[in-house]
Structures are given as structure tokens and as C-alpha cells.
Amino acid sequence: MRLPGIPDEEFIRVEKIPMTKEEIRVLALSKARLFDGAKFIDIGSGTGSVTVEAGLVVGEKGKVWAIEKDKDAVELTRKNVEKFKLNNVVIIEGEAPEALDHVDSEVDAIFVGGTERLEEILLSSDKKLKNGGRIVIDAILLETVNKALSTLNQMGYKTEVIEVIIAKGMKTSKGYAMISRNPIFIVYSEKP
Ligand SMILES: C[S@@+](CC[C@H](N)C(=O)[O-])C[C@H]1O[C@@H](n2cnc3c(N)ncnc32)[C@H](O)[C@@H]1O
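Residues numbered from 1 in each chain as written. Predicted model: local features only at pLDDT ≥ 70, side-chain atom pairs only at ≥ 80, totals over all residues. Heavy atoms only, no water.

K.L.:
Where do I start with the pattern of salt bridges in this structure?
P.N.:
Any two side chains of opposite charge can pair if their charged atoms end up close together. Inspection of every chain in the model, using the stated rule, returns 17 salt bridges. Where aspartate 8 meets arginine 25, a salt bridge forms, and the shortest distance between an N and an O atom there is 3.0 Å. Note that aspartate 8 is positioned in the segment before α1 (22-31) and arginine 25 in helix α1, a separation of 17 residues in sequence. With a relative accessible area of 0%, arginine 25 lands in the buried category. With its nearest N and O atoms 4.0 Å apart, the salt bridge here joins arginine 181 to aspartate 8. Of this pair, arginine 181 sits in the loop between β8 (175-180) and β9 (184-190) while aspartate 8 sits in the segment before α1, and the two are 173 residues apart along the sequence. (Salt bridge = Lys/Arg side-chain N within 4 Å of Asp/Glu carboxyl O. Helix = DSSP H or I, 4+ residues; strand = E, 2+ residues; numbered from the N terminus. Buried < 20%, exposed > 50% of the residue type's maximum accessible area, 1.4 Å probe, protein only.)

Shown next as C-alpha cells:
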């Protein structure tokens with residue numbers, strides 16, 4: 001089992017597809033409490049960075065389903081999965097929540113990085129999640145946080161939210177300058 005924390009530069013990237021940054025992946029996957037052999041869904045896989053990190057954590061006995069609606073992002077997820085030589089990932093091209101129908105197993109955790117149609121996604125995710133399983137949502141907008149918390153609370157989940165503000169050191173000729181990244185909210189929750 002490998003803990004998450006692959007440097008962003010190791011992923012194949014294209015400018016128009018935003019990536020969940022390294023430190024956020026570490027926190028989000030830690031809140032998802034993945035383990036060797038776990039089953040996991042990444043909704044809105046984008047570059048595939050969360051999918052790849054999760055695939056390495058859950059190992060060969062585990063499985064990851066990556067759901068992505070954008071054709072180019074699906075291709076990018078595929079390239080990164082190949083780059084990291086993972087054979088425990090199923091890539092589903094399609095939009096959640098409908099694409100969740102192609103996940104043929106109950107899972108231990110779900111990460112939502114693509115938050116369009118969030119309420120429907122959360123309600124459908126519940127049917128795929130084991131009791132005690134976790135849903136983790138990565139959000140930029142306050143409105144997304146609000147929707148996530150209200151929906152999860154209605155579903156009877158135990159919920160928490162954190163705001164993550166990170167500055168990363170950039171090496172300059174005079175030393176390291178700290179460059180701020182945009183604040184990100186992580187909503188994490190547990191099914192009763
Ligand atoms: C912020 S990016 C995700 C970043 C990704 N976690 C990564 O590290 O590259 C959001 C992605 O979610 C996808 N998306 C948004 N809503 C979706 C939905 N309902 N179903 C499937 N994909 C969705 C978008 O096409 C986009 O690629």
C-alpha cells in the first residue's frame with residue numbers, strides 16, 4: 001500500500017482541465033479513510049490524479065471506478081492511469097448520477113470532485129455506499145458547501161467541513177517565497 005502524495009508534476013496535464021492539487025488530494029483521501037483492498041469511486045476524475053492516488057492506496061485487491069463526462073478528460077484520466085501502470089481502475093465515460101449505474105459493487109468511499117448536479121449525485125451515491133462508508137466532496141464555492149451539507153444532513157450522514165488554505169514555497173534567487181493557493185473546502189461525511 002502506498003500513501004497519497006504524488007507530486008503534481010508527475011501527472012500528465014492539459015491546461016483546460018483543472019486538477020485537484022497534491023495537498024488537497026492527501027487530505028481528501030485521508031478523510032475518505034481508504035485502505036488496502038478498498039473500493040472507491042471518483043466522480044469527475046478530470047486528470048485522473050485522485051483516481052491514480054486512490055488506485056495506489058487500495059492496491060491490487062481493491063478497485064477504483066473513475067467517472068468523467070468530458071471526452072478529453074476521460075482520455076487524460078486513461079493516460080495517467082496507464083502512466084502509473086494501474087490495472088485496478090475502471091474508467092466510465094458518462095455523467096453522474098446516471099453513470100453510477102455502471103458501478104457493479106458497493107464501495108467503501110466516494111470522492112466528488114465534479115459537483116454539477118451535486119444533490120442528485122449524493123442521493124444516488126448513497127445506494128452504492130456501504131454502511132459506515134464515506135463521501136468526500138471537494139468544493140470551491142460556498143454554495144456547493146451549503147448544498148453538500150444540507151443534502152448529506154437530510155440523508156442522515158454525520159458531516160464535517162474544513163477550509164484548507166495552503167501556501168506553497170516557490171524557490172527564487174533570494175530564497176523561498178510562499179505563494180498562496182485558492183482556499184478549498186472539503187466536506188466529509190459518513191453513512192450511518
Ligand atoms: C475540478 S475537475 C476534477 C479534478 C480531478 N479531481 C483531478 O484531480 O483532475 C471537475 C471534473 O468533473 C467533471 N464533472 C463535473 N460534473 C460531473 C458529473 N456530474 N459527472 C461526471 N463528471 C463531472 C468535469 O468534466 C471535470 O473534468
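K.L.:
What am I meant to see in the pairing of strand β1 (residues 39-43) here?
P.N.:
On a regular strand, each side chain points to the face opposite its neighbour's, so the side chains alternate between the two faces of the sheet. Judged by how many residues are buried, β1 sits mostly within the fold: four of five residues are covered. By the bridge criterion, five bridges tie β1 to strand β2 (residues 63-68) in an arrangement that is parallel. From the neighbouring strand, isoleucine 41 faces β2, where its bridge partner is tryptophan 65. Crossover connection from β1 via helix α2 (residues 49-58) to parallel β2: handedness right-handed. (Pairing = 2+ DSSP bridges. Right-handed = clockwise from strand over helix to strand, strands pointing away.)

Shape is all these values report; function is a separate question.
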